[in-house]
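# Structural features, examined
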Amino acid sequence: MSFKILVPVKRVIDYAAKIRVRPDKLGVETNNVKMSINPFDEIAVEEAVRLKENTIADSVVAVSIGPKESLETIRGSLAMGADAGIHVSASADMQPLGIAKILKKLVEQEKPKLVILGKQAIDDDSNQTAQMLAGLLNWPQATFASKVVVDKASDKVTVTREIDGGLETLEMKLPAIISCDLRLNEPRYAKLQNIMKAKKIVVPTKTPEELGVDVSSKLKIVSVEEPAKRVGGSKVQSVDEVVANLKKHAII
Amino acid sequence: TQCLVVAEHDNKNLMASTLNAVTAASKIDGANISVLVAGSKCSSVVDSASKIKGVSTVYHIDHPQLEHGLAESITPVVVGLSNKQSLTHIFSPATNFGKNFIPRVAANLDVSALSEITSIQNGNTFKRPIYAGNAIATVTSDEKVKVGTIRTTAFEKAPADGGSAQKVAIDDWAAKLVDESVQQTGIKWVSQEVVKSERPELTSARVVVSGGRGMKSGDNFKMLEELADTMGGAVGASRAAVDSGFVSNDLQVGQTGKVVAPELYIAVGISGAIQHLAGMKDSKVIVAINKDAEAPIFQVADIGLVDDLFKAVPALTEAIKKAK
């Protein structure tokens, strides 16, 4: 059986862009804001591509669920070395449960041995999709991975994961779900030649309806506000003044 | 209104994060709060949990497969309890423990989950930070069970004493669910490597001293360690310092690293990129030391010192030692 890896990738506001709450207070401004692949998802793509380069995996499929611009995120993943892409058209603000339900359907169709995801998207910061997908599939999960070792002969994967205060190692029978933490790898920059090649790959678009998935959500965002502004900006002239201020704040 | 808090513990001690989650549950009007202690040889934890003020029932199960709190083994217990007790709310701390299994529980109950709750308005309205705290979303949930993780820094700790909860063992029905899930998922715990640091964990430390690119080298971080040690603090770093190879990535504070909210945050040689500010701007008091008076970090700092960090940091360490 061929060893396929599915990697979900999300298009998010670039990590370096300034976040501005929309005037209607129902979300943040995304018009004319730089968008990029979610940094944790980029790590997931890198890990999958490395498993292919190390002849563990046979193919890597990048999936993005969102508006048509999500195709750019898939193209970026193809340029990094993914073999194929699937786009599922949906609104940009879908909740993780709906995303996990769509991914479950795609897993049933694509039959991957591993699904590697970013641990969280830096827009809604949910950190839920990998765990939810594992729950829906009743597969083992290793979240916050910092090292992945696949043993094809025994059909197992050993994952070192970041826990509070240290590391934990789990062994999972394949198929399995992995979510990536920052230390797992350093994603490559795609070469121009690969970016050009990626443009030629045909990426099919599916809809949640075609997949037979109900993505309605019982969570509703009623408002989005800016956090309380910090009043900073006061300066002192010396180390002694720093200490005096810390005493004033009863810290020392 | 039946609220369950899933306790975080190490089979001997109840983690303080559980107390923050109990306080969060108490914000819901008319909440009957129960705690689940799922572990192995964890009777001392059950005793501690039963003493938390405001908790009426402690459900407990003792099973070898629950020793390490794996999502695969704990999830069926929580889901089973939810069905039996008609739970309306299930919370756990937003630590790597809670984040790991809470969404799995939600999916198996076919409900959405709420991550990193920082405020509870009522039984179905919650606030949570998005974009690493650059925006705060108010979210309502119409799910039959509201499942979520609690940002511990946003809620006080419930008193660890003064309660006398009823203890209810659930091994009779839950043990076989654990066995089934472990067998079906084929999960196996192999080992654990807990960093035995004298310093507290970055995300729960009262004081955090972080260094940026201005530190110039990894060796220079020793200076920050000495400063942190004068106040029992932890050491962090900006992404620039990590990318420059000064320190390892697990020290990174920022949007793509750890989000911290200590009582005191000292930013040393950090310019204050948006992505770093996102990870520390909820700190109660921020001190910035940087030789560039125009660095954006000074805009959020309560106490800014424009100085050469290689002189100022050792001087500050000495001055704090003397002041104590």
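Conventions used here
Residues numbered from 1 in each chain as written. Chains lettered and ligands numbered in written order. Predicted model: local features only at pLDDT ≥ 70, side-chain atom pairs only at ≥ 80, totals over all residues. Heavy atoms only, no water. UniProt positions renumbered as here; feature names shortened; annotations may be inferred. Helix = DSSP H or I, 4+ residues; strand = E, 2+ residues; numbered from the N terminus. Buried < 20%, exposed > 50% of the residue type's maximum accessible area, 1.4 Å probe, protein only. Contact = heavy atoms within 4.5 Å. Areas by Shrake-Rupley, 256 points an atom, 1.4 Å probe, with all protein chains shown as cover. Lys, Arg positive; Asp, Glu negative; His and termini not counted. Charge placed at Lys NZ, Arg CZ, Asp CG, Glu CD. Domains from an automatic or database assignment. Buried area = accessible area lost by both parts, 1.4 Å probe. Salt bridge = Lys/Arg side-chain N within 4 Å of Asp/Glu carboxyl O. Polar contact = N/O pair within 3.5 Å; in protein donor to acceptor, adjacent residues only side chain to side chain. Nonpolar A, V, L, I, M, F, W, Y, C, P; charged D, E, K, R; others polar. Axes fitted to C-alpha atoms, helices over the stretch in contact; angles between N-to-C directions. Parallel < 35°, antiparallel > 145°, perpendicular 65-115°, else oblique. Left-handed = near helix turned anticlockwise from the far one by under 90°. Expected span 1.5 Å × (residues − 1).

As annotated in an unreviewed UniProt entry, chain A carries the name Electron transfer flavoprotein subunit beta and is attributed to Cavenderia fasciculata. For chain A, the Function (unreviewed entry) comment in UniProt is given as "The electron transfer flavoprotein serves as a specific electron acceptor for several dehydrogenases, including five acyl-CoA dehydrogenases, glutaryl-CoA and sarcosine dehydrogenase. It transfers the electrons to the main mitochondrial respiratory chain via ETF-ubiquinone oxidoreductase (ETF dehydrogenase)." Database annotation for chain A, UniProt heading Sequence similarities (unreviewed entry): "Belongs to the ETF beta-subunit/FixA family."

## Observations concerning the overall build of chain B
Secondary structure summary: chain B contains ten helices and 16 strands in total. Projecting the C-alpha coordinates of chain B onto the three principal axes gives extents of approximately 65 × 40 × 40 Å. When the 324 residues of chain B are sorted by exposure, 60% land in the buried category. The contacts in chain B between residues at least 6 apart in sequence include a share of 65% that link residues at least 24 apart. Counting every atom, chain B has about 12300 Å² of accessible surface; 46% of that belongs to carbon and sulfur. For chain B, the distance from the average site of its 32 positive side-chain charges to the average site of its 34 negative ones is 2 Å.

## Brief notes about the domain arrangement of chain B
All names here are of chain B. The domains assigned to chain B are domain 1 (2-185) and domain 2 (202-323). The C-alpha centroid of domain 2 is placed 33 Å from the C-alpha centroid of domain 1. Listed as interface residues are six residues of domain 1 and, on the opposing side, six residues of domain 2. Summing both sides of the interface, domain 1 and domain 2 together bury roughly 520 Å²; the carbon and sulfur share of this comes to 47%. By the criterion of area lost to domain 2, the three top residues of domain 1 are Ala132, Asn134 and Thr153, representing 67% of everything that side buries. The interface formed by domain 1 and domain 2 includes zero salt bridges. Between the two partners, domain 1 and domain 2, sit one residue pair in polar contact (both at pLDDT 80 or more). Of the residues belonging to the side of domain 1 that touches domain 2, the class tally is two nonpolar, three polar and one charged.

## Digging into the packing of helix H6 (residues 221-230) of chain B against helix H10 (residues 309-323) of chain B
All names here are of chain B. Packing of H6 against H10 brings their axes to within 9 Å, and their N-to-C directions diverge by 25°. With respect to their mutual orientation, H6 and H10 come out roughly parallel. The two elements H6 and H10 meet at a crossing, and its hand is left-handed. Packed against H6, whose contacting residues are Met223, Leu224, Glu226, Leu227 and Thr230, the element H10 presents Leu309, Phe310, Val313, Pro314, Leu316, Thr317, Ile320 and Lys321 at the interface. Split into classes, the residues belonging to the contact of H6 with H10 amount to nine nonpolar, two polar and two charged.

## Some remarks on the pattern of salt bridges
Any two side chains of opposite charge can pair, given that their charged atoms come close. Residues and elements named next belong to chain A. If you walk through the whole model with that rule in mind, you get 30 salt bridges over all chains. The partner of aspartate 124 in a salt bridge is lysine 10, and the shortest N-O contact between them spans 3.9 Å. Taken together, the positions of aspartate 124 in the loop between strand E6 (114-118) and helix H4 (129-137) and lysine 10 in the loop between strand E1 (4-8) and strand E2 (11-13) put the pair 114 residues apart, joining distant regions of the chain. Taking the relative accessible area as the measure of exposure, lysine 10 reaches 22% and is therefore partly exposed. Here the residues in one salt-bridge network are Glu46, Arg50, Glu53 and Arg188, joined through shared partners.

## A closer look at H10 of chain B
Compared with an ideal rise of 1.5 Å per residue, which puts 15 residues at 21 Å, H10 of chain B spans 20 Å between its outermost C-alpha atoms and is within 8% of the ideal. When H10 of chain B is considered as a whole, its buried residues turn out to be Leu309, Ala312, Val313, Leu316, Thr317, Ala319 and Ile320 of chain B. Against helix H7 (239-248) of chain A together with H6, strand E14 (264-268), strand E15 (285-290) and strand E16 (303-306) of chain B lie the buried residues of H10 of chain B. With a side-chain oxygen lying 3.0 Å from the backbone nitrogen of phenylalanine 310 of chain B, the N-terminal cap of H10 of chain B falls on aspartate 308 of chain B.

## Some words on the packing of H7 of chain A against H10 of chain B
The N-to-C vectors of H7 of chain A and H10 of chain B enclose an angle of 45°; their axes lie 9 Å apart at closest approach. As judged from the angle between their axes, H7 of chain A and H10 of chain B are oblique. Along this stretch, H7 of chain A crosses H10 of chain B, giving a crossing that reads as right-handed. Residues Val239, Asp240, Val242, Val243, Leu246 and Lys247 of chain A of H7 of chain A form the contact with H10 of chain B, whose participating residues are Ala312, Ala315, Leu316, Ala319, Ile320 and Ala323 of chain B. When the residues that make up the contact of H7 of chain A with H10 of chain B are grouped by side-chain class, the tally is ten nonpolar, no polar and two charged.

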